[in-house]
Amino acid sequence: MGRHTYTAGAAVTTVAVLFAGTGAAQASGRQPERPTERQIRELFDRWNAALATLDANRVADLYAPDAVLLPTVSAEIRKTRAARVDYFRHFLENKPVGRIQERVINILNRTSAIDTGLYEFTLTDKHGHRSKVDARYTFVYKLRGGRWLIINHHSSKVPMD
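Residues numbered from 1 in each chain as written. Predicted model: local features only at pLDDT ≥ 70, side-chain atom pairs only at ≥ 80, totals over all residues. Heavy atoms only, no water.

### A look at the pairing of strand β4 (residues 130-144)
Sheet analysis places strand β3 (residues 112-124) next to β4, joined by 13 bridges and oriented antiparallel. Residue Ala113 lies in a different strand from β4, and its bridge partner there is Tyr141. Joining the antiparallel neighbours β3 and β4 is a turn of five residues, in which Gly128 adopts a positive phi near 90°. As judged from the 10 bridges shared by β4 and strand β5 (residues 147-157), these two strands associate in the antiparallel manner. The residue of β5 that forms the bridge with Leu143 is Trp148. (Pairing = 2+ DSSP bridges. Helix = DSSP H or I, 4+ residues; strand = E, 2+ residues; numbered from the N terminus.)

Shown next, in the form of C-alpha cells:
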C-alpha cells in the first residue's frame, strides 16, 4: 500500500459534512447507509485534527463513554473518560501530528468498522526538538446516537527488528 499524509486542516469540516445526514436517518427510523471506506478513513483525519487543537477534552470527545484505549506511550489501560483525558493531556504536550503509513479498513456492517495499520507521529518537545515514533494502530468505530465514536483504540510502538 502507498503512503498517505493526513493533516488536521479541513478534515473536521469534511467529516462533519459527510456524516451530517447519519443522525437524521436514525431519527426517522431508517437504517443508516453502510459507510464507505473513505468515510472511515476520514475518521482518522477527525481524530488527528482534534490532536492539533492540543485540547485533551476535544480528543476524548471522539471516544465512546465505555471506550478502551491502549495508548502508545503508556502501560495503563484507559477505560474511563478521565483516564483518556489524562493520557492525552500528557501526550499533547509533544504536539503530535499523525500520518498513516499503511492501513486496512474493514467495514463490518452499517454501524461498525475497523481501521488498522501503521502510523507515524512527529513529536515536538518544549525545546522545539522533533522526533518520530512509528506505531501500529487499531481503531474500532461504532455509530452511536448518529455519531461515529471510537470504542477501542490500540496503539503500540513498532518493534525494532
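Read on for the rest.
### Looking at empty space enclosed by the protein
According to the stated counting rule, one finds one cavity of 30 Å³ or more in the structure shown. Roughly 40 Å³ of internal volume is contained in the largest cavity. Contributions of two or more residues to the lining of the largest cavity are made by α4 (81-91), β3 and β5. Ranked by the residues each element gives to the lining of the largest cavity, the list is headed by α4, at three residues. By residue class, the composition of the lining of the largest cavity is eight nonpolar, three polar and no charged. (1 Å grid on protein atoms, 1.4 Å probe; cavity = no way out; pocket = protein on both sides within 12 Å on 5 of 7 lines; lining within 4 Å. Points joined across faces, edges and corners; volume = space filled by probe spheres on them. Nonpolar A, V, L, I, M, F, W, Y, C, P; charged D, E, K, R; others polar.)

### Some details on helix α2 (residues 37-52)
With 16 residues, α2 should reach 22 Å at 1.5 Å per residue; the first-to-last C-alpha distance of 23 Å fits that figure. In terms of burial, α2 is largely enclosed, as 12 of its 16 residues are buried. Buried residues of α2: Gln39, Ile40, Glu42, Leu43, Phe44, Asp45, Arg46, Trp47, Asn48, Ala49, Ala50 and Leu51, and no others. A positive backbone phi angle near 60° is found at Leu54, which sits one or two residues after α2. (Expected span 1.5 Å × (residues − 1). Buried < 20%, exposed > 50% of the residue type's maximum accessible area, 1.4 Å probe, protein only.)

### Some points on the packing of aromatic side chains
If you walk through the whole model with that rule in mind, you get 16 aromatic pairs. On the basis of an interplanar angle of 15° and a centroid distance of 5.6 Å, the ring pair of Tyr87 and Phe91 is categorised as stacked. Of the two residues, Tyr87 and Phe91 are both situated in helix α4; the distance of four residues between them amounts to about one turn of the helix. Accessibility classification places Tyr87 together with Phe91 in one group, the buried group. Ring centres of Phe139 and Tyr141 lie 5.8 Å apart, and the angle between their planes is 10°; this geometry places the pair in the stacked category. The class for Phe139 is buried, based on a relative accessible area of 0%. On the accessibility criterion, Tyr141 (0% relative accessible area) is buried. (Phe/Tyr/Trp six-rings, centres within 6.5 Å; stacked < 30°, edge-to-face > 60°.)

### Some remarks on the sheet that holds strand β1 (residues 63-70)
Taking strand neighbours across the sheet as the criterion, the five strands line up as β1-β5-β4-β3-β2 in an open arrangement whose pairing is mixed. The open sheet has two edge strands, β1 and β2 (97-109), and neither has a second partner. The mean inter-strand angle of the sheet, taken between neighbouring strand axes irrespective of direction, is 20°. Lying on the sheet, α2 is in contact with β1, β2, β3, β4 and β5; it crosses β2 at an angle near 140°. (Axes fitted to C-alpha atoms, helices over the stretch in contact; angles between N-to-C directions. Contact = heavy atoms within 4.5 Å.)

What is shown is where atoms sit, not what they do.
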